[in-house]
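Working through the structure, step by step
Now for the letters of each chain:
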Amino acid sequence: MKKWALPFLAVLCFVSESIFVDLWPKNELYMHYFFVPRFFLVFLVFTTIYIGKTRAMVYGFIFGVLYDCVYTELLGVYAFAFTLIAYIVSKAIKVFYQHWLIACFLSLLSITILELYVYGIQLLIGRTDMPFEAFCSERLWPTLLLNAVFLILLSYPLKQWLVKIKRFEREE
């Protein structure tokens with residue numbers, strides 16, 4: 001049962017993004033700003049730091065393909081991005097101390113990198129004509145704000161759960 005804890009947590013974070021979007025109130029603020037939950041990416045960053053690079057990259061690729069199939073029309077964008085971000089975080093954590101606040105900072109940095117990457121790809125293939133300033137004010141900052149609130153509320157329990165999973169795996 002314990003070996004299914006990490007995949008369950010990954011699926012929970014993946015599915016919670018779409019549930020959050022469905023439950024988010026559709027008011028005037030929603031019409032002008034895009035609040036994009038990146039709960040799975042936060043999970044991926046924390047998994048990279050507290051579980052390991054290889055498993056995080058595998059989860060990043062698998063759920064990136066699922067993300068591409070379910071949420072986008074362009075295959076490979078998120079599969080590549082999630083895998084690459086897990087790799088970059090694994091290299092960055094060797095420079096920084098493995099601390100909860102560093103993990104939060106790397107999560108927000110990863111969200112920024114992902115948003116800029118996806119925006120660049122969409123701009124490159126002509127699927128968006130949104131100016132960069134509008135992208136920053138209407139999508140990037142609201143997305144970072146939403147995910148910062150998520151990090152404030154749930155990053156410490158997420159860290160504790162991942163550390164516990166890692167401890168159980170070592171005992172087996």
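Details of the structure are given in the entry above.
These remarks concern the structure in this document. Everything numeric in this text was worked out from a predicted model, so none of it was measured.

The rules we used
- Residues numbered from 1 in each chain as written.
- Predicted model: local features only at pLDDT ≥ 70, side-chain atom pairs only at ≥ 80, totals over all residues.
- Heavy atoms only, no water.
- Helix = DSSP H or I, 4+ residues; strand = E, 2+ residues; numbered from the N terminus.
- Rg over C-alpha atoms; globule rule 2.2 N^0.38 Å.
- Patch = residues over 30% accessible without salt bridge, like charges linked within 9 Å, V, L, I, M, F, W, Y side chains within 5 Å.
- Areas by Shrake-Rupley, 256 points an atom, 1.4 Å probe, with all protein chains shown as cover.
- Salt bridge = Lys/Arg side-chain N within 4 Å of Asp/Glu carboxyl O.
- Buried < 20%, exposed > 50% of the residue type's maximum accessible area, 1.4 Å probe, protein only.
- Contact = heavy atoms within 4.5 Å.

**What about the overall build of the chain?**
Within the chain, the regular secondary structure consists of seven helices and zero strands. Along its sequence from the N terminus, the chain presents helices and strands in the succession α-α-α-α-α-α-α. Its C-alpha atoms give the chain a radius of gyration of 16 Å, near enough to 16 Å, the size a compact globule of 172 residues would have. For the chain, the C-alpha atoms occupy an extent of roughly 50 × 30 × 30 Å along the three principal directions.

**Things to note about a nonpolar patch on the surface**
A surface patch of nonpolar side chains, about 410 Å² in accessible area, is lined by Val58, Phe61, Ile62, Val65 and Leu66. Looking at where Ile62 falls in the secondary structure, it is placed in helix H4 (residues 53-71). When its relative accessible area of 45% is taken as the criterion, Ile62 is described as partly exposed.

**Observations concerning the environment of Thr48**
Tracing the backbone shows Thr48 in helix H3 (residues 39-50). Of the residues examined, Thr48 reaches a relative accessible area of 5% and is grouped as buried. Between the alpha carbons of Thr48 and Leu12 there is a distance of 17 Å; along the sequence they are 36 residues apart. With near-sequence residues (within four places) excluded, Thr48 lies in contact with Lys53, Ala56, Ala86, Val89 and Ser90.

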